[in-house]
Each structure stands twice: as C-alpha cells, then as structure tokens.
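Chain residues, written in single-letter form:
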Amino acid sequence: MAVIRRDVSLALRRKNEIMTSVFFFVVVASLFPLGIGPEMNTLRLIAPGVLWVGALLASLLSLGRLFAGDHQDGTLEQMVLSSASLPGLVGAKILAHWLLSGLPLVILSPVLALQFDLNAQAIEVLMATLLLGTPLLSLIGAVGAALTLGVRGADVLLSLLVLPLYVPALVFGAGAVQAQTAGLGASAHLSILAAMLLVAAVFSPWACASALRIALE
Amino acid sequence: MLSVTGLSCTRGERRLFSGVDFQLKAGTCLHLQGDNGAGKTSLLRQVSGLSPVAAGQVSWYGQPVADNESFRAQRIYLGHELAMKDDLSAMENLQFDAAIAGRTVTAETVRSALKRLGLKGREHLPMRVLSQGQKHRAALARLLVRQATLWILDEPVVALDVPAQAAVGRLLEAHLEEGGMALVTSHQALPIPHALIASYRLQG
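Residues numbered from 1 in each chain as written. Chains lettered and ligands numbered in written order. Predicted model: local features only at pLDDT ≥ 70, side-chain atom pairs only at ≥ 80, totals over all residues.

Peer 1: Outline the overall build of chain B, listing residues and values.
Peer 2: Check the secondary structure of chain B and you find seven helices and nine strands. Its C-alpha atoms put chain B at 50 × 35 × 35 Å along the principal axes. Per-residue burial for chain B yields a buried fraction of 40% across its 204 residues. (Helix = DSSP H or I, 4+ residues; strand = E, 2+ residues; numbered from the N terminus. Buried ≥ 20, exposed ≤ 12 C-beta atoms within 10 Å, placed from the backbone.)

Here it is, written out as structure tokens:
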C-alpha cells in the first residue's frame, strides 16, 4: 500500500510524466482518422487495432521509468533488503504504474473511439478489453523493465524485448472488438484476456523480483 | 553477534579480497579500512545480503544470513545512494522507508529523529531544496526511525560538516551503548571513543 501511495504521489508532483503517455495515446489515435479521411467503413474496421496499438505504445513509453528512478537513488536496494516480500513490493509498483499509465487510457478510450464511428456496444467491448489488457501490458512490460535495468541503451532493448510479448494481448484485445462488430460476441476473447492477466499477475512480480536481485548484485 | 569467516570476493577475473575473518559483538563497532578499490563496499554488500557470498560464510548469531528473517529485520544498510526522493519531503521519505522495511512509524518518531540530526523545521520541505549535507543527515535519520540492531554504513560522514559528524558520532555511541552493532567504512577517523572501535584493514 505504501508503495502505491508513494508512486502515485510522486507522479502527481511530476505530472508531465503521466501526461506524456496520455497525450501520446490521444494524438496517435487522432492522427489516423485525420490521415484516412471520412471513410466510415474503413475507420470502423481499423479502430480496434489502432486504439490497441496506441495503448500498447503509450504503455511502453512509461515503462523505462518504472524501476529506473528507484534504481538510481538507491530505493531499490532498500526494497531488496527489506524484510517485506520483494514480489509484493514489485507488484505494488506495477499496480501503481497501471493506475498512472493504463487506467487513464481506459477512461479516454470511449472518447477516442467516437472518432472512428464505433457503436456503443463496440465501445463497451473496447473498454472491457483495455481494462483487462492494460494491466496485462504493465505486468509483461515490468519484467522487461527489470531485465534491462542498468543496461546501456535500455529503452531500445526494452521495446525489442517487450513488443513481441505484447502480441497475444494485441491479437485478443483488438480481436474482441472485431468479433463484436461482426456479431460473433466477444466473450471468448475477453475470457482469454482475463486468463492471460491472471497468469501474468501471478508470475510477473516473481520474475521481476529475481531480475531486480540480479541487477543489483 | 555477526561473524564473518573466510569471505572472499571476485569481480570478473580480479580477486578483490579473500580470507576475510572478523567478529562483531554486541556493543562494538568495526571500522573497515582499505584503499580505494580494495572492496570495502563489496564487502558491505555481501554482509548485508545484496550480493551473493561466493566463498566463506557470514552468520548472525550462529545462523547463516541467507534467507534469515531475523537478520533481515535487524540490519540496516546505508550505501552511497541516499534512497530519498527529491520530490518528497524528509518526513514522507522516512515514513515510506519505514513502511517498505515493514514498520509503521508515527510522525512524532520521525520528527524527533530529524530533530536529533539538526533538521528541525525542515521536515516538510521537499528534499530537492535541502543542501547535500542536509539530505545526507535526513538519510541518516532512518537509523533512528528503523531501530535496527546492526548498522551497516558505507561512508556515513562524507559530505557532513563538523557538527553533523559529531551528531553521527553521538548516534553511533548511543546505539553501541544500547548493545547495538555497527560495521562502518570511513576514510576519516570515526567520531566515537576509541575503546568502542575495532579496526580491520582490507588488503588486496
């Protein structure tokens, strides 16, 4: 709890960091309708993919800072040394990362979806996929961030490492909205996303904790 | 009691030190000395549990320190990085620090710790407006907030002015009198009575 509170209050004192990824998402999602023009059918078709890729890149944008700040000033050392469990502390940091960089995207997505002429039901499904998907992105990305901690050129390496792992989330996230608009129903896709989220929630904090221990040796 | 036997450390091909033996009894302080690059920080990190021990043994009251819950709860390590966030105040930093160590402390405890280190009235200023020495003092205040038995301190008096060094000396002395232990590296003489200090010199 203390970790979440601290990370959130730190971020609120440095608002530009949250704003960067939120604005990135808004701008990317708005550029497509402007570039493609008022072709409603095309827009409806590409909407889920574009919004999902935007969310995915926006989440990637803030991942580099997930552990870097704490690594630099020695807070991470104190976390590793703590008698509290490290996976628990790391899990709290990941949750804080999602609250700051994932949740705003979920909340903004219906507004952006209107530009693509999605109907209300499709927007609901889109929000549900992002609600399940963005924490999944944070959990997967955190492992990458922990593995690349302290490495030179970590940002590029992080993208190369994490983007391929985002593919299943993207496929099922965007696929759910497409299935909904095609009239097939999105529940299968949503169940798979939820299952992936549960698996990641169990394993990712442990994997991060081991990677961080190695990074600090 | 902390005892270290046959401890060695290699970094890549190079052997930093080997066969380090010492014991630290309740109420004593070990002043670890050595040239730059002799491996003082590496030794402290091994003892505190940040780095794995390749050869030799570190034990706490007869039990190895690896995965030793009582050791984890009773030692505190202060390295070169202060582990304080510039955007938070000293009060917030110290409360968070205690929280990740698994303790809850009242604002009053933190305030009195900061007061003993001469930071009265600066509890709620963001750390970035404090001077380097004041930041250092605030970081040292966690020694009082956390109430650990074994203090592992890497260069605690560097960047401190004379009154602050004396304050650190008083903290150490009070800690040792209460039966605490300290393992300290410092290039300067420690500001506590010589009777309480044992010295160990690291040789490559």
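Moving on from the coordinates now.
Peer 1: Tell me what's going on with the interface of chain A and chain B, and back it up with residues and numbers.
Peer 2: On the side of chain B, 23 residues touch chain A, which itself brings 20 residues to the contact. Here the element with the most residues in the side of chain A that touches chain B is helix 5 (residues 75–81) of chain A; it accounts for six residues. The class makeup of the residues in the side of chain A that touches chain B is nine nonpolar, five polar and six charged. (Contact = placed C-beta atoms within 7 Å. Nonpolar A, V, L, I, M, F, W, Y, C, P; charged D, E, K, R; others polar.)

Peer 1: Tell me about the sheet that holds strand 1 (residues 2–11) of chain B, residues and numbers included.
Peer 2: Residue and element names in this part refer to chain B. Spatially, 2-1-4-5 is the arrangement adopted by the four strands of the open sheet, whose pairing is antiparallel. Across the chains shown, the open sheet's two edge strands, defined by having one partner strand only, are strand 2 (14–24) and strand 5 (63–64). As defined by bridge partners, strand 1 adjoins strand 2 across seven bridges and the pair is classed as antiparallel. Looking across to strand 2, one finds that Ser3 is bridged to Gln23. The strands touched by helix 1 (residues 40–48) are strand 1, strand 2 and strand 4 (55–60); relative to strand 1, the strand with the most contacts, the crossing angle is about 125°. (Pairing = 2+ DSSP bridges. Axes fitted to C-alpha atoms, helices over the stretch in contact; angles between N-to-C directions.)

Peer 1: Could you give an account of unusual backbone geometry, with specific residues and numbers?
Peer 2: Negative phi is the rule for most residues except glycine; trans is the rule for most peptide bonds. Residue and element names in this part refer to chain B. A positive phi angle, near 55°, is found at Gln147, a position not held by glycine. Mapped onto the elements, Gln147 comes out in the loop between helix 6 (142–146) and strand 7 (150–154). With phi around 50°, Glu155 is a residue other than glycine that occupies positive phi space. With respect to the secondary-structure elements, Glu155 resides in the loop between strand 7 and helix 7 (162–177). Glu155 gets classed as partly exposed once you count the C-beta atoms within 10 Å, which come to 19.

Peer 1: Explain the environment of A:Thr20 to me, and be specific about the residues and the numbers.
Peer 2: One can find A:Thr20 in helix 2 (residues 15–36). Between the C-alpha atom of A:Thr20 and that of A:Ala58, which follows or precedes it by 38 residues, the distance is 8.4 Å.

Peer 1: Help me get a handle on the packing of helix 2 of chain A against helix 7 (residues 103–114) of chain A, residues and values and all.
Peer 2: All names here are of chain A. Contact pair helix 2 / helix 7: the axes reach a minimum separation of 11 Å and the direction vectors enclose 25°. When the axes of helix 2 and helix 7 are compared, the pair comes out roughly parallel. Helix 7 is crossed by helix 2, and the crossing has right-handed handedness. Counted together, Ile18, Val22, Phe25, Val26 and Ala29 of helix 2 and Pro104, Leu105, Leu108 and Leu112 of helix 7 form the full contact between these two elements. Looking at the contact of helix 2 with helix 7 residue by residue, the classes come out as nine nonpolar, no polar and no charged. (Parallel < 35°, antiparallel > 145°, perpendicular 65-115°, else oblique. Left-handed = near helix turned anticlockwise from the far one by under 90°.)

Peer 1: With reference to specific residues and values, describe the packing of helix 1 (residues 2–13) of chain A against helix 6 (residues 86–101) of chain A.
Peer 2: Residue and element names in this part refer to chain A. It is at 8 Å that the axes of helix 1 and helix 6 come closest, and there the two elements cross at 35°. Seen along the crossing, helix 1 lies across helix 6 with a hand that is right-handed. Here helix 1 contributes Val3, Ile4, Asp7, Val8 and Ala11 to the contact with helix 6, which in turn contributes Leu89, Ala92, Lys93, Leu95, Ala96, Leu99 and Leu100. Grouping the amino acids of the contact of helix 1 with helix 6 by side-chain chemistry returns 10 nonpolar, no polar and two charged.

Peer 1: Tell me what's going on with the pairing of strand 8 (residues 181–185) of chain B, and back it up with residues and numbers.
Peer 2: Residues and elements named next belong to chain B. Burial analysis of strand 8 places five of its five residues in the buried class, which makes it a mostly covered element. Neither face of strand 8 is left uncovered, since the one carrying Met181, Leu183 and Thr185 and the one carrying Ala182 and Val184 both have all their residues buried. With four bridges connecting them, strand 3 (residues 29–33) and strand 8 associate as parallel partners. The residue bridging Leu32 from the neighbouring strand is Thr185, located in strand 8.

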